Amino acid sequence: MQTGTVKFFNESKGFGFIVDDETAQEIFVHVTGLGGTQIRQDDKVSFETIEGKQGLNAVNVKKIR
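Our subject in this report is the structure included herewith. (Residues numbered from 1 in each chain as written. Predicted model: local features only at pLDDT ≥ 70, side-chain atom pairs only at ≥ 80, totals over all residues. Heavy atoms only, no water.)

1. Section: unusual backbone geometry
Most peptide bonds take the trans form, and the phi angle of most residues other than glycine is negative.
Here's step 1: With a phi angle near 65 degrees, A24 is a residue other than glycine that sits in the positive phi range.
Here's step 2: Topologically, A24 is positioned in the loop between β2 (15-20) and β3 (26-30).
Here's step 3: One non-glycine residue, D42, lies in the positive phi region at around 75 degrees.
Here's step 4: Assignment of secondary structure puts D42 in the loop between β3 and β4 (44-52). (Helix = DSSP H or I, 4+ residues; strand = E, 2+ residues; numbered from the N terminus.)

2. Observations regarding the pattern of salt bridges
Here's step 1: Scanning all chains against the criterion turns up three salt bridges.
Here's step 2: Across the pair K44 and D21 runs a salt bridge, and its minimum N-O distance is 2.9 Å. With K44 in strand β4 and D21 in the loop between β2 and β3, this pair connects stretches of sequence that are 23 residues apart.
Here's step 3: Across the pair D43 and K63 runs a salt bridge whose closest N-O atoms are separated by 4.0 Å. Residue D43 is located in the loop between β3 and β4, and its partner K63 is located in strand β5 (residues 55-63); the two are separated by 20 residues in the primary sequence.
Here's step 4: Taking the relative accessible area as the measure of exposure, D43 reaches 17% and is therefore buried. (Salt bridge = Lys/Arg side-chain N within 4 Å of Asp/Glu carboxyl O. Buried < 20%, exposed > 50% of the residue type's maximum accessible area, 1.4 Å probe, protein only.)

Keep in mind that these numbers describe shape and distance, not what the molecule does.
Here you go:
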């Protein structure tokens, strides 16, 4: 599992970006990759990545408490 910080997440549009802790890369996250978890800007999260149409997508996103 990778870890990172939510850069922003727009709830009304259902997407945002996570900054990976190790690479500082911005990774796209869609509401479908949250599995019911709600995230907000600056939340610490763990996630996995899959290759999407336009690059990496975060999936299985979970808040770290």
